[in-house]
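Chain residues, written in single-letter form:
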Amino acid sequence: MTNEQPKKLTFNGKEYPCCASLTMGVIGGKWKTVILYHLMNNTLRYSELRKMMPQVTERTLSLQLKALEEDGIVSRKVFTTKPPLKVEYTLTEFGKTLMPLVQSIADWGDYAVAQKS
């Protein structure tokens, strides 16, 4: 038996105690996975995401999109220079690697509903 401390993982300047913690740090929370689910096969404008997620506040959606962008999961593209801005969000190649996980989460949600209905 050794007294070695577990190796901490660093991602985007943040430390995580384990790989599961890192993953949940990137996609955890109430809305990030929902955003990723909607972007799975589509590039969407901010207003389109808002319509798909009417329960989320504008501030929360903006913050979650910004966090996903900072982590390299989502790409933000601005098409105009003056208001109203046309902004589209799409998954990056790195973000697309999360899709099997997001799909599994969605599939489990369908399963849970079927079991408890």
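The following refers to the structure shown. Just so it is clear, the structure is predicted and the values come from calculations on it, not from any experiment.

Here is what the cut-offs are and how they apply
- Residues numbered from 1 in each chain as written.
- Predicted model: local features only at pLDDT ≥ 70, side-chain atom pairs only at ≥ 80, totals over all residues.
- Heavy atoms only, no water.
- Helix = DSSP H or I, 4+ residues; strand = E, 2+ residues; numbered from the N terminus.
- Rg over C-alpha atoms; globule rule 2.2 N^0.38 Å.
- Buried < 20%, exposed > 50% of the residue type's maximum accessible area, 1.4 Å probe, protein only.
- Contact = heavy atoms within 4.5 Å.
- Areas by Shrake-Rupley, 256 points an atom, 1.4 Å probe, with all protein chains shown as cover.
- Lys, Arg positive; Asp, Glu negative; His and termini not counted.
- Charge placed at Lys NZ, Arg CZ, Asp CG, Glu CD.
- Phe/Tyr/Trp six-rings, centres within 6.5 Å; stacked < 30°, edge-to-face > 60°.
- Lys NZ or Arg CZ within 6 Å of the ring centre and 35° of its normal.
- Expected span 1.5 Å × (residues − 1).
- Arc of directions from axis to C-beta.

In terms of regular secondary structure, the protein chain is built from 6 helices and 5 strands. Its helices and strands taken in sequence order, the protein chain reads β-β-α-α-β-α-α-β-β-α-α from the N to the C terminus. Against the compact-globule benchmark of 13 Å for 117 residues, the protein chain has a radius of gyration of 17 Å, which places it well outside the compact range. In terms of principal-axis extent, the alpha carbons of the protein chain reach across some 60 × 45 × 25 Å. Taken over 117 residues, the protein chain has a buried fraction of 29%. Relative to all contacts within the protein chain whose residues are 6 or more apart in sequence, the contacts with residues 24 or more apart total 46%. Surface accessibility of the protein chain: about 8,300 Å² in total, with carbon and sulfur atoms responsible for 55%. If you average the places of the 16 positive and of the 11 negative side-chain charges in the protein chain, the two averages end up 7 Å apart.

What follows concerns the packing of aromatic side chains. Using the criterion set out here, one finds 1 aromatic pair in the structure. The aromatic ring of Phe79 is capped on one face by Lys86, whose charged end is 5.1 Å from the ring centroid.

As a further point, take helix 4 (residues 58-70). Taking 1.5 Å per residue, 13 residues should reach 18 Å; helix 4 reaches 18 Å between its end C-alpha atoms and fits that length. Along helix 4, the positions that sit buried rather than exposed are Leu61, Gln64, Leu65 and Leu68. Angularly, the buried residues of helix 4 cover 100° about the axis, an arc narrow enough to put them on a single face. With respect to the buried face of helix 4, the exposed residues turned more than 90 degrees away are Arg59 and Glu70. Against helix 1 (19-27), helix 2 (32-39), helix 3 (46-52), strand 4 (74-78) and strand 5 (87-91) lie the buried residues of helix 4. Once helix 4 finishes, Gly72 follows within two positions and takes phi at roughly 80°, a positive value.

So far we have only geometry, and geometry alone does not tell us how the molecule works.
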